[in-house]
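Spelled out, the chains give:
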Amino acid sequence: MTEDVYTRLREFLDNLPGGYPATESGVELNILKKLFTPERAEIKMNLTPMPEPVAQIAPRLGMDEAQAAETLEAMAQDGLILRLRAGDQAMYGAVSYMVGIYEFQIKTIDRELSEMMEEYLPHIGGIWKSRTKQLRIVPVGTSVEGDKQVATYNQVQEIIKGKELMAVAPCICTKEQEQLGNKCDRPQERCILFDSFAQFYLDNGMARQIDEKELADLLKMGEEEALVFSPTNSKEIMNICLCCKCCCAMLGMLSKFERPADQILSSYQAKIDPDACVLCGTCEDRCQIQAINEGDDSYEVDTARCIGCGVCVPTCPEEAISMVDKEQSDTVPENFLEMQFKLAAERGVG
């Protein structure tokens, strides 16, 4: 019976937008056994992706409201379910494993979970088959600065406007790699959160609140460190990940594709002016996806690999690199919920 509850929980998670595929080794079940007791697994499967107030959930759990509230809050604190707030009322819902449960293990991730995740990541990579992704790529700020043709939802400075609550948390990918003995030399605090996601992280003690000045400093650091800016795949964003190739699970999976540019939503690609290039190699060093190669007379962009992050642009001493529009048939969802609904529909779940 204990094994059965974890098999059912895996199936439940696989029917959420992010997916949770089975493997021959069963590593995905071992992850669930580490994170969930059998009782908590049953509770998780009684939740819906759309957060609900405790009063609606309690009857399904066979608990009174006080007991349900205590149990659900404990699970939210452990990053196993999502908690949103509507005024003073807490609402709870089921959340995908990625993006979701895994990222919420900032305080507790250890070597065992890190090793299991490294084994499981290639299997989670199957979710790339869906046209809609949970994250997208926007160019670093100065790479498109002053370009009036750039849509506001593709400009970092525009998509963070009007955010009332902001927080920063350690990157789960860097924490995982640190557990495996691969400490990143870039700052670890680089998962930027907004609004309800920021509140969730703050309530759980996983992040600290920041103001507009520190947000600007973080974005500047990201550009200087050649980090890829990867926000929620929606116009109204919930987070921005600042990603490096040595740690980031997304970049790691992307880099294994022959054509990474086809696997992620991005509206731009880099272009090098061969007449201006002096073959200094700075752009190749900064590229996180191996999309820039040395040619006979200048460096060249492999358009099949370029994901339009723009980290190569601001440090080119000859200003030989620019960002150009990329033919893109996909549209950016309006908000997080629309993105999740699209992803679920494409996967035929939910």
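None of the values given here were measured: they were computed from a predicted structure.

1. Focus on a negative patch on the surface
So, point 1. The grouping of Glu284, Asp285, Glu294, Asp296, Asp297 and Glu300 at the surface amounts to a negative patch.
So, point 2. Turning to its location among the elements, Asp285 is positioned in helix 13 (residues 282–286).
So, point 3. What makes Asp285 exposed here is its relative accessible area of 64%.

2. Things to note about the pattern of salt bridges
So, point 1. Evaluated as defined, the whole model comprises 20 salt bridges.
So, point 2. With a closest N to O distance of 2.9 Å, Arg208 and Glu189 form a salt bridge. Of this pair, Arg208 sits in strand 6 (residues 208–209) while Glu189 sits in strand 5 (residues 189–194), and the two are 19 residues apart along the sequence.
So, point 3. When its relative accessible area of 29% is taken as the criterion, Glu189 is described as partly exposed.
So, point 4. Note that Asp262 is salt-bridged to Arg259, the shortest N-O span being 2.5 Å.
So, point 5. Residue Arg259 is classed as partly exposed on the basis of its relative accessible area, which comes to 43%.
So, point 6. A cluster of three or more residues bridged by salt bridges with shared partners is formed by Glu73, Arg83, Arg85 and Asp203.

3. Some details on the pairing of strand 3 (residues 89–93)
So, point 1. Summarising burial for strand 3: four of the five residues are buried, a large majority.
So, point 2. One ladder, built from two bridges, connects strand 1 (residues 52–53) with strand 3; its direction is antiparallel. Residue pairing across strands places Pro53 opposite Met91, the latter belonging to strand 3.
So, point 3. Two strands pair when backbone bridges link them, and strand 2 (residues 82–86) and strand 3 are joined in this way by five bridges, in the antiparallel orientation. The residue of strand 3 that forms the bridge with Leu84 is Met91.
So, point 4. Hairpin connection of strand 2 to strand 3: two residues between the antiparallel strands, including Gly87 at a positive phi of 70°.

4. Notes on the nonpolar core
So, point 1. The biggest cluster of nonpolar side chains holds 116 residues, and the ones touching the most others in it are Ile31, Phe36, Leu72, Tyr97, Tyr201, Met250 and Leu251.
So, point 2. With six residues, the single largest contributor to this core is helix 7 (residues 111–124).
So, point 3. With sequence-adjacent residues up to four places away left out, Ile31 is seen in contact with Tyr20, Tyr97, Leu113, Met116, Met117 and Tyr120.

5. A word on the sheet that holds strand 1
So, point 1. In space, the three strands of this open sheet follow the order 1-3-2, with antiparallel pairing throughout. At either end of the open sheet lies a strand with only one pairing partner, and these are strand 1 and strand 2.
So, point 2. Sitting on the sheet, helix 5 (residues 65–77) touches strand 2 and strand 3, and the angle it makes with strand 3 is about 65°.

6. Some remarks on the sheet that holds strand 7 (residues 228–231)
So, point 1. Taken in spatial order, the five strands make up an open sheet running 6-4-5-8-7, and their pairing is antiparallel. Two strands lie at the open edges of the sheet, namely strand 6 and strand 7, each paired on one side alone.
So, point 2. Judged from the two bridges that link them, strand 4 (residues 166–170) and strand 6 form a sheet pairing that is antiparallel. Residue pairing for strand 6: Ala167 is matched across the bridge by Gln209.
So, point 3. Of the strands in this sheet, strand 4, strand 5, strand 6, strand 7 and strand 8 (239–243) are in contact with helix 11 (residues 212–224), which crosses strand 5 at around 135°.

7. Some words on the packing of aromatic side chains
So, point 1. Scanning the model with the defined rule gives seven aromatic pairs in all.
So, point 2. Measuring from ring centre to ring centre gives 6.2 Å for Phe200 and Tyr201, while their planes differ by 75°; the resulting arrangement is edge-to-face. Across this residue pair, the class does not change: Phe200 and Tyr201 are buried.
So, point 3. Among the aromatic residues, those joined into a cluster by ring pairs are Tyr20, Tyr97, Tyr102 and Tyr120.

8. Details of helix 5
So, point 1. Taking 1.5 Å per residue as the helical rise, helix 5 with its 13 residues ought to reach 18 Å, and the 18 Å between its terminal C-alpha atoms agrees with that figure.
So, point 2. Turning to helix 5, its buried residues number three or more, namely Ala68, Leu72, Glu73, Met75 and Ala76. Each buried residue of helix 5 lies within a common arc of 160° when the element is viewed along its axis, so the set occupies one face. Opposite the packed face of helix 5, turned more than 90 degrees from it, sit the exposed residues Ala66 and Glu70.
So, point 3. Looking at the buried positions of helix 5, the neighbouring elements they touch are helix 3 (38–44), helix 4 (54–61), strand 2, strand 3 and helix 10 (195–203).
So, point 4. One side-chain oxygen at the N-terminal end of helix 5 lies 3.2 Å from the backbone nitrogen of Ala66; it belongs to Asp64.

Procedures and definitions
- Numbering of residues starts from 1 in each chain and follows the order in which that chain's sequence is written.
- Only residues with pLDDT of 70 or above have their local features reported here, since the model is predicted, and side-chain atom pairs are shown and tallied only from 80 upward, although totals for entire chains, interfaces and linings are computed over all residues.
- Hydrogen atoms and water are omitted, and side-chain values are computed over all heavy atoms in the structure.
- Patch membership requires more than 30% relative accessible area and the absence of a salt bridge. Residues of like charge join within 9 Å; the nonpolar side chains Val, Leu, Ile, Met, Phe, Trp and Tyr join within 5 Å.
- With residues, only the protein chains shown are counted as cover, and all accessible areas are computed by Shrake-Rupley using a 1.4 Å probe.
- Salt-bridge detection follows one rule: a side-chain nitrogen of Lys or Arg within 4 Å of a carboxyl oxygen of Asp or Glu.
- Under the convention used here, Asp and Glu are negative, Lys and Arg are positive, and both His and the chain ends fall outside the count.
- Where a charge sits is defined by one atom per residue type, namely NZ (Lys), CZ (Arg), CG (Asp) or CD (Glu).
- Only DSSP runs of H or I covering at least 4 residues are called helices, and only runs of E covering at least 2 are called strands; the numbering of each starts at the N terminus.
- We call a residue buried when its accessible area falls under 20% of the maximum for its residue type, exposed when it is over 50%, and partly exposed in between, using a 1.4 Å probe and counting protein chains only.
- Strands pair, by our definition, only if DSSP identifies at least two bridges between them.
- The criterion is simple. A nonpolar core is a set of buried Ala, Val, Leu, Ile, Met, Phe, Trp, Tyr and Cys residues joined through side-chain atoms within 4.5 Å.
- Whether two residues touch is decided by their heavy atoms; if any such pair falls within 4.5 Å, the residues are in contact.
- Note on definitions: angles span 0 to 180 degrees between N-to-C directions of axes, and those axes are lines fitted to C-alpha atoms, for helices only across the stretch in contact.
- When the centres of two rings from Phe, Tyr and Trp lie within 6.5 Å, Trp using its six-membered ring, the rings pair. Their planes under 30 degrees apart give stacked, over 60 give edge-to-face, and anything left gives tilted.
- A helix is expected to reach a length of 1.5 Å times the quantity of its residues less one.
- What the arc describes is the spread of directions from the helix axis to the C-beta atoms.
- N or O atoms within 3.5 Å of each other form a polar contact, as long as, within protein, one can give a hydrogen and the other can take it, and as long as residues adjacent in sequence are counted only when both atoms are side-chain atoms.

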